[in-house]
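Given next are the chains, with one letter for each unit.
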Amino acid sequence: MNIFEQLQHDYLLNQSRRMFLSKCVAGVGSAWLTSMASKALAGGSHGLPDHISHIAPKAKRVIFLHMAGAPSQLELFDYKPDLKKLNGQDTPSEYLAGQRFAFIQGVPKLMDTIYPFHQAGQSGQWITDRLPWFEKVIDEVCFIKSMHTDQFNHAPAQLLLHTGNSLLGNPSIGSWVTYGLGSENENLPGYISLVSGGKAPSAGKSVWGSGFLPSVYQGVQCRSKGDPVLYLSNPDGVSRNMRRQAVDTITKINQEAYDSTNDPETLTRISQYEMAFRMQIHANEAFDLKDEPEYIHELYGTEPGKESFANNCLLARRLAERGVRYIQLFDWGWDSHGAAESEALNTGFKRKCKQVDKPMYALLTDLKQRGLLEDTLVVWGGEFGRTPMRENRGGSEMKFIGRDHNPGAFTMWLAGAGVKRGMSFGETDPIGYKAVKDKVSTQDLQATILHTMGLKHNKLTYPFQGLDQTLPGVTKPSRVINEIFA
């Protein structure tokens, strides 16, 4: 070994030791990768020491249903009778001064809800007539009607909701969860994302990326038709034994590379090859909806072989049964500006409601009848809300009916995992424009999700750019919404 090679070897060795020893929680992540990297994708033990999970967990897994594009809370859950009286009137100047909109210009008209509301269930929660199936399980959910964000464009708002930062490069919440807890399944990733609606969310794959965490923690996008993951099947003429030999050879090469560099990302590659090999059998089985009895297909409204929100909801239940910790469903098409028929509140929005209504009901019903809802946290919502004003793109009334982006108020609902059933938390002002009581930020929601998994949001850290980073951010206030738990 020459002098240069010796210096390089010593430097890398010192870097590895420094990472191992650095600041308790954060340093353990890389040390863990060195010895147990495969368990992030396939292990049954925690990714971090037991003391990191120092809250009794309420949930073993999370299913996050994201309606990409931001559904109108005023047409679904946040009933505002004052809008009927104000319908068609100019919006008062105090609601417009200093406000930024995506498309509204000039003085827009206030607009009543498009659909009638009524009270449902024993809890008497207000709900639109657009969700007759979901209405049947309304007593299972807790509505948070005072959500707010500081982003009014889709991609930054989606990033903020899922990664704690409106800029690219930060880990998604699913990555933080698998970093903190590892996986319960040896044959499937601990973190899986599913997409429906024909397009990915505006923020792209970053909403399930690992950011500055080791890439072993990133979410795996799977498909509801064809191979769950592209290239999972062997090519023609390649047997499983041949694939095993190829993986073993690649593992040997990667192990030699790791022995030379101590780069934890090399262990990630080894784990991913091994996971892909196991997934050839187990992922195909998990994603084969044909195994389900006919009454389950009728319950969800599924059509095996097609990409749909209904199929993804059934897949979410199957993945939950198999120990996947964090499951994301993104359903695109909720951006109801009214710029076209497909995104008008009285047409396209109506179709989107019909597409998700029965599957949402089915998912909660199915989880409950299988005893899974009690330790599964289900979260539903978009990245922000919609305005009580009718959108007037270009300053004039548009042909189709729509509402602009509204970061000041939106509604999300949670169910399972000890969440109080049949309640509403927080309130908006009389026209549903701003959250005014028991306000809940995206950071508060993130802290609450981690809390249900037994993780303290301000203790789960990773060193990056000179700081011990956290999911909600080190400079932003955040709290667990304890009021919504029984």
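It should be noted that the structure appears before, not after, this text.
Here is what the cut-offs are and how they apply
- Per chain, residue numbering runs from 1 following the sequence as it is written.
- A pLDDT threshold of at least 70 governs which residues receive local features in this predicted model, and a stricter bar of 80 or more applies before side-chain atom pairs are shown or counted, although totals over entire chains, interfaces and linings include all residues.
- Hydrogens and water molecules were not included; the side-chain quantities draw on all heavy atoms of the structure.
- Only runs of H or I of at least four residues qualify as helices and only runs of E of at least two qualify as strands under DSSP, and these elements are numbered from the N terminus.
- Burial classes: relative accessible area under 20% of the type maximum marks a residue as buried, over 50% as exposed, and values in between as partly exposed (1.4 Å probe, protein chains only).
- Should any heavy atoms of two residues lie within 4.5 Å, those residues are counted as being in contact.
- In these tables, accessible area is a Shrake-Rupley quantity obtained with a 1.4 Å probe, and a residue counts as shielded only by the protein chains included in the view.
- Residues enter a nonpolar core if they are buried and are Ala, Val, Leu, Ile, Met, Phe, Trp, Tyr or Cys, with the set joined through side-chain atoms within 4.5 Å.
- For this analysis, a polar contact is any N or O atom pair within 3.5 Å, provided that within protein one partner can donate a hydrogen and the other can accept it, and provided that sequence-adjacent residues contribute only side-chain to side-chain pairs.
- Here, axes are lines fitted to C-alpha atoms. For helices the fit covers the stretch in contact, and angles between N-to-C directions go from 0 to 180 degrees.
- In this count, Pro and Cys sit with the nonpolar residues alongside Ala, Val, Leu, Ile, Met, Phe, Trp and Tyr, while Asp, Glu, Lys and Arg are called charged and the others, Gly among them, polar.
- Classification of ring pairs uses Phe, Tyr and Trp, with its six-membered ring standing for Trp, and accepts pairs whose centres are within 6.5 Å; under 30 degrees between planes counts as stacked, over 60 as edge-to-face, and the remaining range as tilted.
- Comment: the charge-over-ring label is applied if NZ (Lys) or CZ (Arg) is within 6 Å of the ring centre and within 35 degrees of the ring normal.

Undergrad: So what exactly am I meant to see when it comes to the overall build of the protein chain here?
TA: For the protein chain, the count of helices and strands is twelve helices and 17 strands. Relative to its full complement of 486 residues, the protein chain shows a buried share of 55%. The long-range fraction of contacts in the protein chain, counting pairs at least 24 apart against all pairs at least 6 apart in sequence, stands at 77%. For the protein chain, the accessible area works out to roughly 20,100 Å², and carbon and sulfur atoms hold 52% of it.

Undergrad: Help me understand the nonpolar core in this model?
TA: Here is a general trend for soluble globular proteins: nonpolar side chains tend to be buried in one another's company. The biggest cluster of nonpolar side chains holds 54 residues, and the ones touching the most others in it are Leu65, Phe77, Phe134, Leu319, Leu364 and Trp413. Counting 50 residues, the second largest nonpolar core, distinct from the first, contains Tyr179, Val195, Ala447 and Phe485.

Undergrad: Any chance you could explain the environment of lysine 60 here in plain terms?
TA: Mapped onto the elements, lysine 60 comes out in the loop between helix 3 (38–42) and strand 1 (61–68). On a C-alpha basis, the gap between lysine 60 and aspartate 375 in space is 5.5 Å, while along the polypeptide they are 315 residues apart. Apart from the residues lying within four places of it in its own chain, the contact partners of lysine 60 are Glu184, Arg325, Asp375 and Met453.

Undergrad: How should the side chain of histidine 297 be read in this particular structure?
TA: Turning to its location among the elements, histidine 297 is positioned in helix 9 (residues 294–300). Take histidine 297: its relative accessible area is 9%, and that puts it in the buried class. Here the side chain of histidine 297 touches leucine 289 through a polar contact of 3.0 Å, landing on its backbone oxygen. If we skip the residues at most four places from it in the chain, histidine 297 touches Leu289, Glu292, Thr302, Pro304 and Leu314.

Undergrad: Help me understand the packing of helix 5 (residues 154–163) against helix 12 (residues 442–452), please; the structure alone is not making it clear to me.
TA: Helix-helix packing is characterised by the crossing angle of the two axes and by the distance between the axes. At a closest axis distance of 8 Å, the pairing of helix 5 and helix 12 adopts a crossing angle of 30°. Contacts between helix 5 and helix 12 involve Leu160, Leu161, His162 and Thr163 from the former and Thr442, Gln443, Leu445 and Gln446 from the latter. Residues that form the contact of helix 5 with helix 12 fall into these classes: three nonpolar, five polar and no charged.

Undergrad: Honestly, helix 6 (residues 173–181) in this entry has me stumped. Any pointers?
TA: A turn of α-helix holds 3.6 residues, and therefore any two residues three or four places apart point the same way. The buried fraction of helix 6 amounts to nine of the nine residues, a majority that puts the element mostly inside the structure. Among the residues of helix 6, Ile173, Gly174, Ser175, Trp176, Val177, Thr178, Tyr179, Gly180 and Leu181 are the ones counted as buried. Following helix 6 by one or two positions, glycine 182 adopts a phi angle in the positive range, close to 70°.

Undergrad: Looking at this structure, I do not really get the packing of aromatic side chains. What am I missing?
TA: The description of an aromatic ring pair rests on the distance of the ring centres and on the angle between the ring planes. One pass over the full model with this rule turns up 19 aromatic pairs. Measuring from centroid to centroid gives 4.5 Å for phenylalanine 212 and phenylalanine 464, while their planes differ by 15°, and the two rings are stacked. Of this pair, phenylalanine 212 sits in the loop between strand 5 (191–196) and strand 6 (220–222) while phenylalanine 464 sits in strand 16 (residues 462–464), placing them 252 residues apart in sequence. Given the relative accessible area of 12%, phenylalanine 212 is considered buried. Cluster of aromatic residues (ring-pair linked, three or more members): Trp176, Tyr179, Phe212, Tyr217, Tyr462 and Phe464. Between the NZ or CZ atom of lysine 145 and the centre of the ring of phenylalanine 143, over which it lies, the distance is 5.8 Å. Here the basic side chain of lysine 358 rests over the ring of tryptophan 133, its NZ or CZ set 4.8 Å away from the ring centre.

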